[in-house]
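Observations on the model geometry
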Amino acid sequence: MTSTRGACSTRCGACGARSTSASGDRERPCATLFEQAHITFDGRLSACAYDHDPRFEVGDLAAETFLEAWSGERFRTLRAAHLAGDRRGTPCEGCSAWH
C-alpha cells in the first residue's frame, strides 16, 4: 500500500500551495482529502467525514480497488481545486467545518 503521508506539505505552507481567499486571509486545503479515507456502510469511498448524501462520493469499492478510487479522477479533481484555493462548484463549496 502506498502512503500519502508527507506527499503534500500544505499544512505547513512550505510548498506555497495555499491560496488567498476573497477576504485576504490565507486558506489551507482540507487535510482530510490528503490524509483520511471515509468508507460508507455500502462500500463507497467518500471524500468527507461529514458526507450525509452521495455528493462527496469519489469511488465505489465494489467496482474498483481502494487505491484506484483514492487516486482516481474525481478525488484528484477535488484535491486540485483545494490546492488551487478555488472550491467553487465542488461539493466542498461553502464548507466551514475545517476553517
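Here goes a summary of the coordinates provided. Please read all numbers here as calculations on a predicted model, not as lab measurements.

Observations concerning the nonpolar core
- Of all hydrophobic cores here, the largest spans 13 residues; its most connected members are L33, L45, A47, V58, F75 and L78.
- Elements that contribute at least two residues to this core include exactly α1 (32-35), α2 (66-70) and α3 (73-84).
- Not counting the four nearest positions on each side in its chain, A47 is found in contact with T32, L33, H38, F56, V58, F75 and L78.

Overview of the side chain of S46
- Position of S46 relative to the elements: it lies in strand β4 (residues 44-46).
- Judged by its relative accessible area of 2%, S46 falls in the buried class.
- At a separation of 2.8 Å, a polar atom in the side chain of S46 contacts the side chain of D51.
- Every residue in contact with S46, bar those within four places of it in the chain, is listed here: H38, T40, D51, F56, E57 and V58.

Quick look at the packing of aromatic side chains
- Following the criterion strictly, the structure yields two aromatic pairs and no others.
- When the centroid spacing of 5.8 Å and the interplanar angle of 20° are considered together, the rings of F66 and W70 count as stacked. Of the two residues, F66 and W70 both sit in helix α2, four residues apart, roughly one turn of that helix.
- F66 gets classed as partly exposed once you look at its relative accessible area, which sits at 25%.

Considerations on the pattern of salt bridges
- As enumerated under the stated definition, the model contains six salt bridges in all.
- Across the salt bridge formed by E57 and R74, the nearest N and O atoms sit 3.9 Å from each other. Within this pair, whereas E57 is found in strand β5 (residues 57-60), its partner R74 is found in helix α3, the two being separated by 17 residues in sequence.
- In this structure, the salt-bridge partner of E73 is R76, at a minimum N-O distance of 2.6 Å. Taken as a pair, E73 and R76 lie in helix α3 at a separation of three residues, close to a single helical turn.
- With a relative accessible area of 42%, R76 lands in the partly exposed category.
- What you see here is one network of salt bridges that share partners, running through D42, R44, E57, D60 and R74.

Conventions and cut-offs
- Residues numbered from 1 in each chain as written.
- Predicted model: local features only at pLDDT ≥ 70, side-chain atom pairs only at ≥ 80, totals over all residues.
- Heavy atoms only, no water.
- Core = buried A, V, L, I, M, F, W, Y, C linked by side-chain atoms within 4.5 Å.
- Buried < 20%, exposed > 50% of the residue type's maximum accessible area, 1.4 Å probe, protein only.
- Helix = DSSP H or I, 4+ residues; strand = E, 2+ residues; numbered from the N terminus.
- Contact = heavy atoms within 4.5 Å.
- Polar contact = N/O pair within 3.5 Å; in protein donor to acceptor, adjacent residues only side chain to side chain.
- Phe/Tyr/Trp six-rings, centres within 6.5 Å; stacked < 30°, edge-to-face > 60°.
- Salt bridge = Lys/Arg side-chain N within 4 Å of Asp/Glu carboxyl O.

Everything listed here is a matter of geometry and, on its own, says nothing about what the molecule does.
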